[in-house]
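The chain contents come next:
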Amino acid sequence: QVQLVESGGGLVQAGGSLRLSCTASGRTFSNYAMGWFRQAPGKEREIVAAISWRGDRTYYADSVKGRFTISRDNAKNTVYLQMNSLEPVDTAVYYCAARFAYGANRYYTSGYDNWGQGTQVTVSS
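These remarks concern the structure in this document. Values in this document were obtained by computation on a predicted structure and should not be read as measured data.

Section: the sheet that holds strand S1 (residues 3-7)
Pairing within the open sheet is antiparallel, and its 4 strands lie in the order S1-S3-S8-S7. The open sheet has two edge strands, S1 and strand S7 (68-73), and neither has a second partner. Put simply, the sheet's adjacent strands are angled 15 degrees from each other on average, direction ignored. Bridge count between S7 and strand S8 (residues 78-83): 6 bridges; the pairing is antiparallel. What sits directly across from Arg-72, in S8, is Val-79.

Listed below in structure tokens is the structure:
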């Protein structure tokens, strides 16, 4: 198992920015593809972005394309989610997740089995 700890959430006004971080421990970070998910009150958890272990393949949900950027630093065992032009609809608990990649340099949109505790992001109008 890999342990994941998110940070960087908070309250921001619409149009503002936040950067979420997720630091991993317990396993070799570069063996894992990573993803960011979010869950708003009363809604199902949805994928926001995903990244391959090498960091050169990424996926974004349509709702965040052009506003959010996922990246990773394998030397620091950390994945990031830069969120710009935030909107009230982005309000949610954000979770990072890890999935063992078995050497495949690809991202995954499902099948994650390691999760962080979540960090709250609130965007005020």
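Some remarks on the side chain of Asn-114
Among the structural elements, Asn-114 can be located in strand S10 (residues 114-115). Here the side chain of Asn-114 touches Val-2 through a polar contact of 3.2 Å, landing on its backbone nitrogen. A distance of 2.8 Å separates a polar atom in the side chain of Asn-114 from a polar atom in the side chain of Asp-113. With near-sequence residues (within four places) excluded, Asn-114 lies in contact with Gln-1, Val-2, Leu-4, Tyr-32, Cys-96, Ala-97 and Ala-98.

Quick notes on the state of the cysteines
Applying the stated criterion across every chain yields a total of 1 disulfide. Here Cys-22 connects covalently by a disulfide to Cys-96, the sulfurs 1.9 Å from one another. With a gap of 74 residues between them, Cys-22 in strand S3 (residues 18-25) and Cys-96 in strand S9 (residues 92-100) connect regions that are remote in the sequence.

Re the nonpolar core
Grouped together as the largest cluster of nonpolar side chains are 30 residues, with contacts concentrated most on Met-34, Trp-36, Leu-81, Met-83 and Tyr-94. Those elements giving two or more residues to this core turn out to be S3, strand S4 (32-39), strand S5 (46-51), S7, S8, S9 and strand S11 (119-124). Excluding its chain neighbours within four sequence positions, the residues that come into contact with Met-34 are Leu-4, Cys-22, Phe-29, Ala-50, Ile-51, Ile-70, Arg-72, Val-79, Ala-97, Ala-98 and Tyr-112. If you look at the next biggest cluster of nonpolar residues, it comprises 7 residues, including Ala-33, Ile-47, Tyr-108 and Tyr-112.

Some points on unusual backbone geometry
Look at Asn-77: it is not a glycine, yet its phi comes out positive at around 55 degrees. The phi dihedral of Tyr-102 is positive, around 50 degrees, even though this residue is not glycine. Mapped onto the fold, Tyr-102 is located in the loop between S9 and S10.

About the criteria used
Residues numbered from 1 in each chain as written. Predicted model: local features only at pLDDT ≥ 70, side-chain atom pairs only at ≥ 80, totals over all residues. Heavy atoms only, no water. Pairing = 2+ DSSP bridges. Helix = DSSP H or I, 4+ residues; strand = E, 2+ residues; numbered from the N terminus. Axes fitted to C-alpha atoms, helices over the stretch in contact; angles between N-to-C directions. Polar contact = N/O pair within 3.5 Å; in protein donor to acceptor, adjacent residues only side chain to side chain. Contact = heavy atoms within 4.5 Å. Disulfide = S-S within 2.5 Å. Core = buried A, V, L, I, M, F, W, Y, C linked by side-chain atoms within 4.5 Å. Buried < 20%, exposed > 50% of the residue type's maximum accessible area, 1.4 Å probe, protein only.

Geometry only, nothing functional implied.
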